[in-house]
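If you want the building blocks of each chain, they are given just below.
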Amino acid sequence: LAPRPAKTLWYDRPRYVYLEFCVEDSSDVKVDIEDHRLVFSCKNADGVEFYNEINLYARVNSKDSREKRSDRSITCFMRKWKEKVAWPRITKENVKPAWLSVDFDNWRDWEGDEEVERAMPFVSHPDAGEGDRKSSPTSHG
């Protein structure tokens, strides 16, 4: 069986950008963070292989980037090369893969004041422009 991409959440902070690969009970975790690219692979408890490759929107400091594994996921935090510059997306290409979404629980619009925060110019609503790609709601448990 070919590896499948892990469901991935990301969010933006002034100094770091965060990626969370949602794989429970992961093993054989490999994370390769380069200046413009991240490659992730692991297996889950059933031995299913996961593989994600992301060409990053902007340069990161690969030497000051690391990952943290938990029972529920693997979180990578990558130090931005240019701090305090907001990333409108995590990918270099302006195409959102089906397995990638914004982590709205952790998202903060730190760029401007409350006025900007209310308008949220560069985060579109999760349902906006998805059309027929809506997935059925999953239960959180």
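The coordinates are above.
Residues numbered from 1 in each chain as written. Predicted model: local features only at pLDDT ≥ 70, side-chain atom pairs only at ≥ 80, totals over all residues. Heavy atoms only, no water.

Enquirer: Just give me the short version of the sheet that holds strand S1 (residues 8-12), but keep the residues and values in it.
Expert: Ordered by their spatial adjacency, 5 strands build an open sheet running S6-S7-S2-S1-S8, and the pairing between neighbours is mixed. Of all strands in the sheet, those with a lone pairing partner are strand S6 (60-69) and strand S8 (100-102), marking the two edges. Between one strand axis and the next, the sheet turns by 20° as a mean value, whatever way the strands run. (Pairing = 2+ DSSP bridges. Helix = DSSP H or I, 4+ residues; strand = E, 2+ residues; numbered from the N terminus. Axes fitted to C-alpha atoms, helices over the stretch in contact; angles between N-to-C directions.)

Enquirer: Can you explain the sheet that holds strand S4 (residues 37-43)? Please cite residues and give values.
Expert: One open sheet holds the 3 strands; their spatial order is S3-S4-S5, and the pairing between them is antiparallel. Two strands bound the open sheet, and with one partner strand each, they are strand S3 (27-33) and strand S5 (49-55). Mean inter-strand twist for the sheet, computed between neighbouring axes without regard to direction, equals 5°. In this structure, S3 lies alongside S4, joined through 5 bridges in antiparallel fashion. When the bridges of S4 are listed, Ile33 appears paired with Leu38.

Enquirer: Tell me about the side chain of Thr8, and please be specific about residues and values.
Expert: By secondary structure assignment, the location of Thr8 is in strand S1. When its relative accessible area of 0% is taken as the criterion, Thr8 is described as buried. Among the polar contacts made by the side chain of Thr8, one reaches the side chain of Asn52 at a distance of 3.2 Å. Beyond its immediate sequence surroundings of up to four residues, Thr8 is in contact with Leu19, Glu20, Phe21, Asn52, Trp99, Leu100 and Ser101. (Buried < 20%, exposed > 50% of the residue type's maximum accessible area, 1.4 Å probe, protein only. Polar contact = N/O pair within 3.5 Å; in protein donor to acceptor, adjacent residues only side chain to side chain. Contact = heavy atoms within 4.5 Å.)

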